[in-house]
Amino acid sequence: MARHIYVHNPFCARKCPYCDFYSITDHSCIEEFYKAAIKETELIGSVITDKTGTNQLTDASGKDTVYFGGGTPSVPDSHLIAELFESIKNSFAVSDDAEITIEVNPSSVREDKLEEYLKAGFNRISLGVQSLHDDVLKTLGRLHDSKGAVDAIKKITAAGFTNVSADLITGVPGETLEGIKQDIKTFHELGVKHISTYSLSIEEGTPFFERYSKTLENLVSPDDERKMYHGTREFLQSLGYETYEISNSALPGFKSIHNSSYWNSCEYFAIGAGAHGYLGDMRYGHKDDVISYINEMKDLTSKDYKDFIEGRKNDLVSLYVEEMLSKEDKMREVPFLRLRTMEGILLDEFFKMFGEEFENVFAREVEDNIKKGLLERKDRTLRLTRSGLDLANIVIEDFL
């Protein structure tokens, strides 16, 4: 029975202009933050049972996962990362065959840090490359250049990591499909096993929103963006990468188990300011405020944490309840999550979870989208067609 744990490191060297994830560039409280994160980990460990968050019905892999995201987890000293992960291993009894991922950036990855990550037990690296073309990197406001990214991959593999993922952003003004293909080819030649390709999203509150919210479609038309998406996917497949989710492709045996747990409706624990979790009927979060998080963890007791995760306490400063889910809410989340995957909705799994047939619960939505050519039945699955992939958000919204 697997557990999944997400750790949010909110510290970055510089805020990227397109990013709306919670991050800060003031590093004066890094050590205090990691002490607070260890305290939270120990609190969780002191109140959970051997079944809490173990995903008996929803977990396909049966493997524990821990994912350090951010922010940029390679910014803090590696000993802080190692100490927190040691606490997680002890508090959650993480299995020896678990998938343990840390996100790193080319500008902050060093041989000594990689050595300490490996020694601590990390076995998967997710590298935020975004592009191997310097003009695109400049547009995205990244701190590294193409050479720095290639050198980072070489350092990672030389350190002994064999499970390496790299991110690309597509649909950036000035970017071309041929350029993306060149990047993917280079990744393949360097031994990258997993590639995430995210279409540029303009988020309110970011510098890119001010810069591009009214002009992006003039610079990169929706038709060009879709051609880029499908061309990228076809090229990945020609190199042996299987696209298993809208934005993620992997060589055989290297799918992200942690990210797959989200799409499988698994429960997961959250640690750190800005982190979000899901336990039982509760989706919960930590406010985007490092100082509030540090201060709350200093005084929080095991009883406080137990009362919070069991729904008896919701007046905390940093921790908060996002939503309490009914059975109907959970059923509606399945298409929201599973239609992102190439497998689609597994009808037998849905029945196992809820005791109801998906096509009875969502009869109108299923039939309407099949008639439109956006959904297709295959054996005991429902999945997006090629046309459906281009209108995925519209199809998913129909089920919500």
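Provided above is the structure to which this section pertains.
Now for a description of the structure that goes with this document.

Reading the values: rules and limits
- Residues numbered from 1 in each chain as written.
- Predicted model: local features only at pLDDT ≥ 70, side-chain atom pairs only at ≥ 80, totals over all residues.
- Heavy atoms only, no water.
- Buried < 20%, exposed > 50% of the residue type's maximum accessible area, 1.4 Å probe, protein only.
- Helix = DSSP H or I, 4+ residues; strand = E, 2+ residues; numbered from the N terminus.
- Arc of directions from axis to C-beta.
- Contact = heavy atoms within 4.5 Å.
- Lys, Arg positive; Asp, Glu negative; His and termini not counted.
- Salt bridge = Lys/Arg side-chain N within 4 Å of Asp/Glu carboxyl O.
- Polar contact = N/O pair within 3.5 Å; in protein donor to acceptor, adjacent residues only side chain to side chain.
- Pairing = 2+ DSSP bridges.
- Right-handed = clockwise from strand over helix to strand, strands pointing away.
- Core = buried A, V, L, I, M, F, W, Y, C linked by side-chain atoms within 4.5 Å.
- Axes fitted to C-alpha atoms, helices over the stretch in contact; angles between N-to-C directions.
- Parallel < 35°, antiparallel > 145°, perpendicular 65-115°, else oblique.
- Left-handed = near helix turned anticlockwise from the far one by under 90°.
- Nonpolar A, V, L, I, M, F, W, Y, C, P; charged D, E, K, R; others polar.

## So, helix α3 (residues 111-120)
Right, on to step 1. Here α3 has its buried residues at Lys113, Leu114, Tyr117 and Ala120. End-on view of α3: buried residues confined to an arc of 130 degrees, all on one side of the axis. Along α3, the residues that are exposed and aim more than 90 degrees away from the buried face are Glu111, Glu115 and Lys119.
Right, on to step 2. Those residues of α3 hidden inside the fold are in contact with α2 (78-92), β3 (99-104), β4 (124-130) and α5 (146-159).

## Quick word on the side chain of Asp167
Right, on to step 1. Take Asp167: it is sitting in strand β5 (residues 164-170).
Right, on to step 2. Summary of buried charges: Asp167 has no salt-bridge partner, and the nearest side chain of opposite charge, Arg142, is 7.4 Å away.
Right, on to step 3. Filtering out sequence-adjacent residues up to four positions away, Asp167 remains in contact with Ser126, Leu127, Gly128, Val129, Gln130, Phe187, Ser196 and Tyr198.

## With respect to the environment of Lys193
Right, on to step 1. Structurally, the position occupied by Lys193 is in the loop between α6 (177-189) and β6 (194-199).
Right, on to step 2. In this structure Lys193 comes out as partly exposed when scored by relative accessible area, which is 21%.
Right, on to step 3. With 104 residues separating them along the chain, Lys193 and Lys89 place their C-alpha atoms 26 Å apart.
Right, on to step 4. Leave out the neighbours within four places in its chain, and Lys193 touches Thr162, Val164, Tyr241, Ser249, Ala250, Leu251 and Phe254.
Right, on to step 5. Looking at Lys193, its side chain comes within polar contact range of the main-chain oxygen of Thr162, at 3.4 Å.
Right, on to step 6. A distance of 3.2 Å separates a polar atom in the side chain of Lys193 from the backbone oxygen of Gly191.

## Some points on the pairing of strand β1 (residues 4-9)
Right, on to step 1. Most of β1 is tucked away: 6 of the 6 residues are buried.
Right, on to step 2. Burial of the side chains of β1 extends over both faces: His4, Tyr6 and His8 are buried on one face and Ile5, Val7 and Asn9 on the other.
Right, on to step 3. Strand direction decides the pairing type here: β1 and strand β2 (residues 65-70), joined by 6 bridges, are parallel. Counted as the bridge partner of Val7 is Phe68 from β2.
Right, on to step 4. The handedness of the β1 to β2 crossover, carried by helix α1 (residues 30-47), is right-handed.
Right, on to step 5. Sheet topology note: the β1/strand β9 (residues 269-271) ladder contains 3 bridges and is parallel. Bridged to Tyr6 within β9 is Ala270.

## Notes on the pattern of salt bridges
A pair can form between side chains of opposite charge whenever their charged atoms are brought close.
Right, on to step 1. For the coordinates displayed, the defined rule picks out 29 salt bridges.
Right, on to step 2. Among the salt bridges present, the one from Arg386 reaches Glu234, with a minimum N-O distance of 3.4 Å. With Arg386 in helix α17 (residues 386-390) and Glu234 in helix α9 (residues 222-238), this pair connects stretches of sequence that are 152 residues apart.
Right, on to step 3. We note a salt bridge from Arg377 to Glu359, for which the minimum N-O separation is 2.7 Å. Separated by 18 residues along the polypeptide, Arg377 in strand β14 (residues 375-378) and Glu359 in helix α15 (residues 358-361) bring together distant segments of the chain.

## Points about the nonpolar core
Right, on to step 1. Counting residues in hydrophobic clusters, the biggest one holds 78 residues, and the most contacted among them are Phe68, Ile88 and Phe122.
Right, on to step 2. Ranked by residues supplied to this core, first place goes to α1 with 9 residues.
Right, on to step 3. In contact with Ile88, other than residues within four places in its own chain, are Ile5, Val7, Thr41, Val66, Phe68, Ala93, Val94 and Ile271.
Right, on to step 4. With 22 residues, the next largest nonpolar core counts Val334, Phe354, Phe362 and Val366 among its residues.

## With respect to the packing of α1 against helix α12 (residues 302-309)
Right, on to step 1. At a minimum axis distance of 9 Å, the contact between α1 and α12 shows a crossing angle of 70 degrees. In terms of their interaxial angle, α1 and α12 are classed as roughly perpendicular. Considering the relative orientation of α1 and α12, their crossing is right-handed. Contact residues: Glu40, Leu43, Ile44, Ser46 and Val47 in α1; Ser302, Tyr305, Lys306 and Ile309 in α12.
Right, on to step 2. Considering only residue class, the contact of α1 with α12 consists of 5 nonpolar, 2 polar and 2 charged.

## Side note on the packing of α1 against helix α11 (residues 290-299)
Right, on to step 1. At a minimum axis separation of 9 Å, α1 and α11 run at an interaxial angle of 50 degrees. One finds that α1 runs oblique with respect to α11. In the packing of α1 onto α11, the handedness of the crossing is left-handed. Of the residues in α11, those in contact with Glu32, Phe33, Ala36, Ala37, Lys39, Glu40 and Leu43 of α1 are Val290, Tyr293, Ile294, Met297, Lys298 and Asp299.
Right, on to step 2. Of the residues belonging to the contact of α1 with α11, the class tally is 8 nonpolar, no polar and 5 charged.

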